[in-house]
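Close look at the chain arrangement
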Amino acid sequence: MTVKKEGNHMFFFKESKKKIVKNQQEQQLNRNQQQPNFLSADLDQNLQKLQQIYQNCMDIVFRQFKIGGKTKAALIYIDGLANIEEIDASVLDPLMKENNDAQPIPVNYILEERLTVSKVEKVQTVTECIEHISGGNPVLLIDQQSEGFALGLANWEKRSIEEPVGESVIRGPREGFTESLGTNLSLLRRKVRSPQLKTKSMKIGEYTQTEVVITYIEGIAEQTLIREVEARLRRIKIDGILETDYIEELIEDNPYSPFPQVLNTERPDIVVAGLLEGRVAILQDGTPFALVVPVSFYSLLQTGEDYYERFLISTVTRWLRYLFLLVSLLLPSLYVAILTFHQEMLPTTLLISIAASREQIPFPALVEVLMMEVVFEALREAGLRLPKQAGSAVSIVGALVIGQAAVQAGLASTPLIMVVALTGIASFTIPRYAAGFALRMLRFPMILLAGTLGLLGIMFGLLMILTHMATLRSFGVPYLSPLAPIQGREMKDVLLRAPLWKFNTRPSLTGTDNLRRQGPDQKPDPDYGNGKTSRGKGGL
Amino acid sequence: MMEKGKISTAQMGIMMYPTIIATAILIVPAITARHAKQDMWLSPFWASLIGFLIVYIAIQLHQLYPQKTLIEYSEEILGKFLGKVVGLVFLFFYLHTSGIIIREYGEFVVGNFLLHTPLVFVMGSMILVCSFAVRSGVEVIARLAEIIVPVVIILILANIALLIPDMEVENIFPIMGKGIMPSLRGAIIPQGWFAEFLLIAFLLPYVADHHKGKKWGMISVTTVMLTLSFINIAVLFVLGGITSRFIYPAFSAVRYISIADFLEHIEAVVMSLWVAGVFVKIAVFYYALVLGTAQWLNLSDYRLIVFPIGFLLLLFAVWSASDLVELTHFLGHTSPFYRISIQLGIPLILLFVAKWRKRASHQKVTQQG
């Protein structure tokens, strides 16, 4: 017993020592960050400080001038990030032509009567100055003033709002996010005008200082979820983030899984739909992809368009998608299993024609399938990176490689070409690229299992995949919900796409705080309003 | 608590369904038919009485010791030493039974579908797949059951529906032509399967809404009973008097399915979906065994022993019988008494002792007070 105790003690000591070192490091870090570096009243001193910081930065501009020919002042900005015409017209012009004789010039006077800029923020420390300058806002420093003015004149080259390439729709809004965070937030705000739409900002990346915004609708999203997302984001200590995938990989519940546990989208309407279900979105400056958490597997199989079409059409499309999900995962392995182990399952005529076309093939079915599937994947990958000019050439060659030429050369049989082509198409019916990719990847182990144990092997593979998916969680929400654990009420959005007037409640796992989505009697009723209806009045 | 997951009673009920059905549709219909003849569809009703009784006992024990599993409270009821002995008996029983289940599955697959694949490989790969589920805990097994059970039920119903053209209803007559006895004798074997409901004693401590335990336990027994009865009726209608001559009558019946010269020879599909049901069955047994062993050994985590016990299971599966004939003989003759004595007898004793102890301590308290 004593030994055990001692061991415990030692362990505790070690732990605490580690903690102390860690605390010291953290304190040092905090000191570096938090030490206030106030601007002084002396303009030259301030300029010297900033010039030292921006040493060897040729894109920074220090424009020194005199207000009304007397008071020294300086405007600091980064060339290309600020709107120069605006600076000339609304800052330099009125200030340089100033003729107030007061010494020193009162700050309020400049703010209220001279600067014709709508967004002005006072800055007091050098750190704040740098933040604004790097963000594109010119900073105006005036002699004898210990505060500067950050002018909201940031303006840089942006891509215009376009339809997202990866998520096009036939019916639905055609706007997509751009690389500019401000534009993206404005797109969201245009859809949700309620002030309950909250946007919390933070900076991630020691060097990139990338702005990341958590957005949610207060009163719908659960507080615990918001806190969890914030905590996971604050944990990130990294030199820089260039895409939301960096965030995705750093906040996932299970980083080893092939399945995406975070939804990424370029479409504002999908983000808003998520927000209305009590989810939280993460937007990042510099990428058009927003993240939505938490998600379940079935929500990766939905598109926004499911809700923009008539519900019967959407239900049928959904079932088609589920079917092709299975096809993309299982078809090649079923081909292998049936040809290798269970030939009796095929109708005789089909069996004979397959056997006839396989007569010339020197490989067993397993090798044949693996070979052609790998070739298909390679063609797909190459197709992504091809320059447009070379594209048509490669697609012709590709059609030959997986096609008639392969059959004539005796490398693959005709039914197999069908299988490979169908599988390839099937995986693209899954709306989320990452989810589709996970399934495409998993079909290779499935082929191997089918080659060794037939249908039994396929079943083993499926059970392993299901077991893995049943263990997964996305921000606490079971990945397979509402199928497992069963949430009967939500099946209307999985097995069907129920008519919109049936969606009276939000998903219970994300929207518990505010479960009611709409009034109870939303079913259209032609008699409503002329007194014939027996139903009560609708409305929230 | 060793297991942090929580399941609902409905999930527990759903888990138990394939846990009984999966192997009960293999050899059992043949053995039942041997004893009960055309009354074989009645036998599941009698057999299910044992199921109801055991669910009742398990719930009673659970109410006395709400946070504990069978292995834990037998120690509390019988004292340290006797309790450990009883725990060991249970663990050995579950090890042996799981071994037999795996062997049944292996014999079936190798005998009918993968004629050239080594039995050990077929059984070992199943144990491996199950061990991943067991490692993930009771929540995951429950979720898997929720996905698999609807598939199994649809499979059974679809097969029965597809067999309708081959059915001859006269096969059922005369009903109880020789009285009630044949169907009662036919129930002796299936009741061994219904006795497996004792497994809920391992699941109940991890159920979030205890008070519904009885309800869902009973629903589960009832659905199992109805399913088995339906299968027996279907088999009887299709195969008639020769049912008992088949080893696996239900699967032999499936071979009769032939619709429009296209939908035929679907045994392989049926087999692979049935394997999903067996997967749940083995996973539940395996989980109870691993959890019980960890509690018996006072371990802090059961995940450590999942793979070692998996290996042991494979050995027991190999050792449990030398061939299918011996296995069938064991299942048809010795096993019902073996199963009933451990899964009904010991819990019954435990319940009596626990009740008696409770009363004794209660009297003591009132005397002192």
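Quick summary incoming for the structure in this document. (Residues numbered from 1 in each chain as written. Chains lettered and ligands numbered in written order. Predicted model: local features only at pLDDT ≥ 70, side-chain atom pairs only at ≥ 80, totals over all residues. Heavy atoms only, no water.)

1. Let's talk about the sheet that holds strand S3 (residues 120-123) of chain A
Residues and elements named next belong to chain A. Pairing is antiparallel across the open sheet formed by five strands, whose spatial order is S1-S2-S4-S5-S3. Since the sheet does not close on itself, it has two edges, and those belong to strand S1 (60-67) and S3, each with one partner. Across this sheet, the average inter-strand angle for adjacent strands is 25 degrees, counted without regard to direction. Sheet topology places S1 next to strand S2 (residues 71-78); eight bridges connect them, and they run antiparallel. Note that in S2 the partner of lysine 66 across the bridge is lysine 72. On the sheet, helix H3 (residues 84-96) packs against S1, S2, strand S4 (139-142) and strand S5 (148-151) and is oriented at approximately 25 degrees with respect to S1. (Pairing = 2+ DSSP bridges. Helix = DSSP H or I, 4+ residues; strand = E, 2+ residues; numbered from the N terminus. Axes fitted to C-alpha atoms, helices over the stretch in contact; angles between N-to-C directions. Contact = heavy atoms within 4.5 Å.)

2. Quick notes on the pattern of salt bridges
All names here are of chain A. Throughout the structure, instances matching the rule amount to 34 salt bridges over all chains. As a salt-bridge pair, glutamate 179 and arginine 159 come within 2.9 Å of each other at their nearest N and O atoms. A residue pair is termed long-range when its members are at least 10 positions apart, and glutamate 179 in the loop between S5 and helix H6 (181-191) and arginine 159 in the loop between S5 and H6 qualify at 20 residues. Of the residues examined, glutamate 179 reaches a relative accessible area of 33% and is grouped as partly exposed. Where arginine 318 meets aspartate 306, a salt bridge forms, and the shortest distance between an N and an O atom there is 3.0 Å. Residue arginine 318 is found in helix H10 (residues 311-340), and its partner aspartate 306 is found in the loop between strand S10 (290-293) and H10; the two are separated by twelve residues along the sequence. (Salt bridge = Lys/Arg side-chain N within 4 Å of Asp/Glu carboxyl O. Buried < 20%, exposed > 50% of the residue type's maximum accessible area, 1.4 Å probe, protein only.)

3. Details of the interface of chain A and chain B
Between chain A and chain B, the residue contacts involve 24 residues of the former and 31 residues of the latter. Buried area between chain A and chain B, summed over both chains or domains, comes out near 2,400 Å², and the portion from carbon and sulfur atoms is 78%. Of all residues in chain A, the largest losses of buried area upon contact with chain B belong to A:Leu456, A:Phe460 and A:Leu463, amounting jointly to 21% of the total for that side. For the interface between chain A and chain B, the tally reads one salt bridge. Where chain A packs against chain B, one counts one residue pair in polar contact (both at pLDDT 80 or more). Ranked by residues supplied to the side of chain A that touches chain B, first place goes to helix H16 (residues 433-471) of chain A with eleven residues. Its residues assigned to classes, the side of chain A that touches chain B shows 19 nonpolar, three polar and two charged. (Buried area = accessible area lost by both parts, 1.4 Å probe. Polar contact = N/O pair within 3.5 Å; in protein donor to acceptor, adjacent residues only side chain to side chain. Nonpolar A, V, L, I, M, F, W, Y, C, P; charged D, E, K, R; others polar.)

4. A few points about the packing of helix H6 (residues 119-136) of chain B against helix H14 (residues 306-319) of chain B
The description of two packed helices rests on the angle between their axes and on the distance between the axes. All names here are of chain B. In the contact formed by H6 and H14, the axes pass within 10 Å of each other and the chain directions differ by 150 degrees. By the angle between their axes, H6 is roughly antiparallel relative to H14. In this structure, H6 crosses over H14, and the sense of that crossing is right-handed. Mapping the contact onto sequence places Val120, Met123, Gly124, Ile127, Leu128, Ser131, Phe132, Val134 and Arg135 in H6 and Val306, Phe307, Gly310, Leu313, Leu314, Ala317 and Val318 in H14. Across the contact of H6 with H14, the residue classes tally to twelve nonpolar, three polar and one charged. (Parallel < 35°, antiparallel > 145°, perpendicular 65-115°, else oblique. Left-handed = near helix turned anticlockwise from the far one by under 90°.)

5. Side note on the nonpolar core
A:Phe259, A:Leu456, B:Phe90, B:Tyr105, B:Trp274 and B:Phe279 are the most contacted members of the largest nonpolar core, which has 218 residues in total. Of all the elements, helix H13 (residues 267-296) of chain B adds the most residues to this core, at 20 residues. Residues in contact with B:Phe90, not counting those within four places in the same chain, are B:Leu70, B:Ile71, B:Leu198, B:Ile342, B:Ile346, B:Pro347 and B:Leu350. (Core = buried A, V, L, I, M, F, W, Y, C linked by side-chain atoms within 4.5 Å.)

6. Some points on the environment of B:Val275
The topology assignment puts B:Val275 in helix H13. Separated by 253 residues in sequence, B:Val275 and B:Ala22 place their C-alpha atoms 8.2 Å apart. Other than its neighbours up to four places away in sequence, B:Val275 contacts A:Leu456, A:Met459, A:Phe460, B:Tyr105 and B:Met126.

7. Describing the packing of aromatic side chains
Residues and elements named next belong to chain B. According to the stated counting rule, one finds 21 aromatic pairs over all chains in the structure shown. With a centroid separation of 5.6 Å and 25 degrees between ring planes, the pair formed by tyrosine 65 and tyrosine 73 is classed as stacked. Aromatic rings pair up to connect Phe93, Tyr94, Phe202, Phe285, Phe330 and Tyr338 into one cluster. The ring centre of tryptophan 296 lies 5.3 Å from the NZ or CZ of lysine 84, which sits over that ring. The ring of tryptophan 193 carries the charged tip of arginine 339 above its face, separated from the ring centre by 4.3 Å. (Phe/Tyr/Trp six-rings, centres within 6.5 Å; stacked < 30°, edge-to-face > 60°. Lys NZ or Arg CZ within 6 Å of the ring centre and 35° of its normal.)

8. Focus: the sheet that holds strand S6 (residues 197-204) of chain A
Residue and element names in this part refer to chain A. Pairing in this open sheet of five strands is antiparallel, and the strands run S6-S7-S9-S10-S8 from one edge to the other. A strand with exactly one partner marks an edge of an open sheet, and here the two such strands are S6 and strand S8 (263-265). Each strand of the sheet is rotated relative to its neighbour by a mean of 25 degrees, with strand direction disregarded. The pairing of strand S9 (residues 280-284) with S10 spans three bridges and is antiparallel. Paired with valine 280 across the bridge in S10 is valine 293. Against the sheet, H6 makes contact with S6, strand S7 (210-217) and S9, and its axis sits at roughly 150 degrees relative to S9, the strand it touches most.

Limitation: the analysis is restricted to geometry and does not speak to function.
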